[in-house]
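So the chains spell out like this:
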2 protein chains.
Amino acid sequence: MTNCILCKDESKPEEGQLIWRGDDCRIILVNDPDLPGFCRVIWNHHAAEMTDLTYGEREHLMNLVFAVEEAIRHVMHPDKVNLAALGNMVPHIHWHVIPRFKDDAFYPGSIWSPRIHQAPELVLSMRQKAALDLPNAIREQISRLY
Amino acid sequence: MTNCILCKDESKPEEGQLIWRGDDCRIILVNDPDLPGFCRVIWNHHAAEMTDLTYGEREHLMNLVFAVEEAIRHVMHPDKVNLAALGNMVPHIHWHVIPRFKDDAFYPGSIWSPRIHQAPELVLSMRQKAALDLPNAIREQISRLY
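Per chain, residues are indexed from 1 in the order of the written sequence. Written order decides the labels, with chains lettered from A and ligands numbered from 1. Since the coordinates come from a predicted model, pLDDT governs what is reported: local features require at least 70, and pairs of side-chain atoms require 80 or more to be given and counted, while whole-chain, interface and lining totals use all residues. Note: side-chain values were computed over all heavy atoms of the structure, leaving out hydrogens and water.

*Asks:* So what exactly am I meant to see when it comes to the overall build of chain A here?
*Replies:* Secondary structure is summarised from DSSP: a helix means a run of H or I of at least four residues, a strand means a run of E of at least two, and numbering begins at the N terminus for each. Counting secondary structure elements, chain A contains three helices and five strands. For chain A, the N- to C-terminal ordering of α and β elements is β-β-β-α-β-β-α-α. Each radius of gyration is computed over the set of C-alpha atoms, and the globule rule expresses the reference value as 2.2 Å times the number of residues to the power 0.38. Computed over C-alpha atoms, the radius of gyration of chain A comes to 15 Å, within 12% of the 15 Å expected from 2.2 N^0.38 for 146 residues, which places it in the range of a compact globule. Seen through its principal axes, chain A has C-alpha atoms that stretch 40 × 35 × 30 Å. Across the 146 residues that make up chain A, the buried fraction comes to 55%. Accessible area is worked out with a 1.4 Å probe on protein chains only. A residue is then buried under 20% of its type maximum, exposed over 50%, and partly exposed in between.

*Asks:* When you look at the interface of chain A and chain B in this model, what are you seeing that I'm missing?
*Replies:* How big an interface is tends to be stated in terms of the accessible area lost upon association of its parts. Contact residues are listed per partner, giving 36 residues for chain A and 36 residues for chain B. Any carboxyl oxygen of Asp or Glu that lies within 4 Å of a side-chain nitrogen of Lys or Arg is treated as forming a salt bridge with it. Put simply, chain A and chain B have six salt bridges between them. Whenever a nitrogen or oxygen atom comes within 3.5 Å of another N or O atom, the pair is scored as a polar contact, on the condition that within protein one atom can donate a hydrogen and the other can accept it, and that pairs from neighbouring residues in sequence are kept only if both atoms are in side chains. For the pair chain A and chain B, the interface holds 26 residue pairs in polar contact (both at pLDDT 80 or more). Those elements that provide at least two residues to the side of chain A that touches chain B are helix H1 (55-76), strand S4 (80-85) and strand S5 (94-100) of chain A. When the residues that make up the side of chain A that touches chain B are grouped by side-chain class, the tally is 18 nonpolar, eight polar and ten charged. Here, two residues are considered to be in contact whenever any of their heavy atoms come within 4.5 Å of each other. For this classification, Asp, Glu, Lys and Arg are treated as charged, while Ala, Val, Leu, Ile, Met, Phe, Trp, Tyr, Cys and Pro are nonpolar and the rest, including Gly, are polar.

*Asks:* Honestly, the environment of lysine 102 of chain A in this entry has me stumped. Any pointers?
*Replies:* Locating lysine 102 of chain A in the fold gives a position in the loop between S5 and helix H2 (121-131). Lysine 102 of chain A sits 22 residues away from lysine 80 of chain A along the chain, and the two C-alpha atoms are 8.5 Å apart.

*Asks:* Explain the relation of the copies chain A and chain B here, please?
*Replies:* One copy of the chain maps onto the second through a rotation around an axis plus a translation along that axis. When the copies are superposed, the least-squares fit takes in the C-alpha atoms of residues with a pLDDT of at least 70 in both. Turning chain A through 180° and shifting it by 0.0 Å along the axis lays it on chain B, with an RMSD of 0.0 Å. Read as a symmetry element, the transformation amounts to a two-fold axis. Identified as the residue of chain A closest to the rotation axis by C-alpha distance is alanine 84 of chain A, at 2.0 Å.

*Asks:* Is there a simple way to explain the packing of H1 of chain A against helix H1 (residues 55-76) of chain B in this structure?
*Replies:* A packed helix pair is summarised by two numbers, namely the angle formed by the two axes and the spacing between the axes. Running from N to C, H1 of chain A and H1 of chain B point in directions that differ by 125°, and their axes come no closer than 11 Å. Our classification of the angle between H1 of chain A and H1 of chain B gives oblique. Remark: the crossing between H1 of chain A and H1 of chain B carries right-handed chirality. For the pair formed by H1 of chain A and H1 of chain B, the contact residues are Tyr55, Arg58, Glu59, Met62, Asn63, Phe66 and Glu70 of chain A on the first element and Tyr55, Arg58, Glu59, Met62, Asn63, Phe66 and Glu70 of chain B on the second. Of the residues in the contact of H1 of chain A with H1 of chain B, the class split is six nonpolar, two polar and six charged. Only the contacting stretch of a helix is used when fitting its axis, a line to C-alpha atoms as for every element, and angles between N-to-C directions run 0 to 180 degrees. For classification, angles of less than 35 degrees are called roughly parallel, those exceeding 145 degrees roughly antiparallel, those between 65 and 115 degrees roughly perpendicular, and all remaining angles oblique. Whether a crossing is left-handed or right-handed is set by the direction in which the near helix is turned from the far one by less than a right angle, anticlockwise for left-handed and clockwise for right-handed.

*Asks:* When you look at the layout of surface pockets in this model, what are you seeing that I'm missing?
*Replies:* Empty space among the atoms can be located by rolling a probe the size of a water molecule over them. All names here are of chain B. Roughly 490 Å³ of volume is contained in the second largest pocket. Detection works on a 1 Å grid of protein atoms alone, calling trapped sets that fit a 1.4 Å probe cavities and calling open sets with protein on both sides within 12 Å along at least five of seven lines pockets, with lining residues defined by an atom within 4 Å of a point. Around the second largest pocket, the lining comprises 23 residues; the ones closest to its centre are Glu15, Met89, Val90, His94 and His96. Elements represented by at least two residues in the lining of the second largest pocket include exactly strand S3 (39-43) and strand S5 (94-100). Residues that form the lining of the second largest pocket fall into these classes: eleven nonpolar, seven polar and five charged. Grid points are joined across faces, edges and corners, and a volume is the space filled by probe spheres set on the points.

*Asks:* For this particular structure, what's the right way to read the packing of aromatic side chains?
*Replies:* Each aromatic ring pair is specified by the distance between its two centres and by the angle formed by the two planes. Two rings belonging to Phe, Tyr or Trp (six-membered ring only in the last case) form a pair when the distance between their centres is within 6.5 Å. Interplanar angles under 30 degrees mark stacking, angles over 60 mark edge-to-face geometry, and anything in between is tilted. All told, the structure shown has one aromatic pair over all chains when counted by the stated rule. Ring centres of tryptophan 95 of chain A and tryptophan 95 of chain B lie 5.7 Å apart, and the angle between their planes is 80°; this geometry places the pair in the edge-to-face category. Taken together, the positions of tryptophan 95 of chain A in strand S5 and tryptophan 95 of chain B in strand S5 put the pair across two chains. Owing to a relative accessible area of 0%, tryptophan 95 of chain A belongs among the buried residues under this scheme. One Lys or Arg, arginine 127 of chain B, reaches over the ring of phenylalanine 101 of chain B and ends 3.7 Å from the middle of that ring. Ring-over charges, as used throughout, are those where CZ of Arg or NZ of Lys falls within 6 Å of the ring centre and within 35 degrees of the ring normal.

*Asks:* What is the right way to read the sheet that holds strand S3 (residues 39-43) of chain A from this model?
*Replies:* Working definition: the strands of a sheet are paired by backbone hydrogen bonds and lie parallel or antiparallel to each other. Whether two strands pair comes down to DSSP finding at least two bridges between them. Within the open sheet, the ten strands sit side by side as S1(A)-S2(A)-S3(A)-S5(A)-S4(A)-S4(B)-S5(B)-S3(B)-S2(B)-S1(B). Their pairing is antiparallel. The strands lining the two open edges of the sheet, one partner per strand, are strand S1 (16-21) of chain A together with strand S1 (16-21) of chain B. Taking the axes of each pair of neighbouring strands and ignoring which way they run, one obtains an average angle of 20° across the sheet. Alignment of S4 of chain A against strand S4 (residues 80-85) of chain B, held across three bridges, turns out to be antiparallel.

*Asks:* What's the story with the pairing of strand S2 (residues 25-30) of chain B in this structure? I'm lost.
*Replies:* Taken residue by residue, a regular strand's side chains alternate between the two faces of the sheet. Residue and element names in this part refer to chain B. For S2, the buried fraction is high: six of the six residues fall into the buried class. For S1 and S2, the ladder comprises five bridges, and the chain directions are antiparallel. Bridged to leucine 18 within S2 is isoleucine 28.

*Asks:* Explain the environment of arginine 139 of chain B to me, please; I cannot follow it from the model alone.
*Replies:* All names here are of chain B. Relative to the elements of secondary structure, arginine 139 occurs in helix H3 (residues 134-145). A residue is classified by how much of its surface remains accessible, and arginine 139, at 35% relative accessible area, is partly exposed. Distance from arginine 139 to arginine 21, taken between C-alpha atoms, is 9.8 Å for residues 118 residues apart in sequence. In this structure arginine 139 touches Ile19 and Trp20, once residues within four positions along its chain are discounted.

Shown next as structure tokens:
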């Protein structure tokens, strides 16, 4: 769709680092200083809802989402992982896969809830350093899938 | 787990209406006056993350989530469906499946974002009436799965 930010200019750097690209999906490491390790799995073609996809496409996409979750757990050791496909702002299927920590800015709220504290800089910088290992960990998880 | 609200007292009315129960999951129509048609798909046994489940269990659970989405789209005609598994408050796998409307209290934010408007009472009551058809529509969608 011409007016969809996730459809156009796929080759441009988005709001993060492209970690992996397949025929149907791509995976981005989101650049969010509050939430190191936050990843997004984006369906390449325009579709708004999961049930707009075939059963096979849904399964493929969820397998990628879970591969990212697995890698995030292994690399980041979060207290919880959050998964969400909202798309109210950008109705083009994309999954947020977010490592959550008890001291992060929004915990135990969602990342869309009001900010309630500030994680110590040292902790955030350790997590940002840990997240450097995520791209390879995610690619390795995906290589095990197929 | 003894201290998990989603593990204990499964037979008690929760914060909504039990629509369907299987060996592994149950589905609740959430009683939220702002968000008619909001459903929750809850894994019956205690597990915190999707990747704590086997591949088969994940697929089964997501098929139920998507069946609920399909029924919600058919019955409620939302502008968007939101899917989320957070579990920061209650780390026991449960999926929120939420019909979203451009005039709902939080749109285009998440339902955890600050409330920004109030849908007209008449509109909400029409949606609440439409949601009465959801339990049967969800059960019918599930009956097609297996």
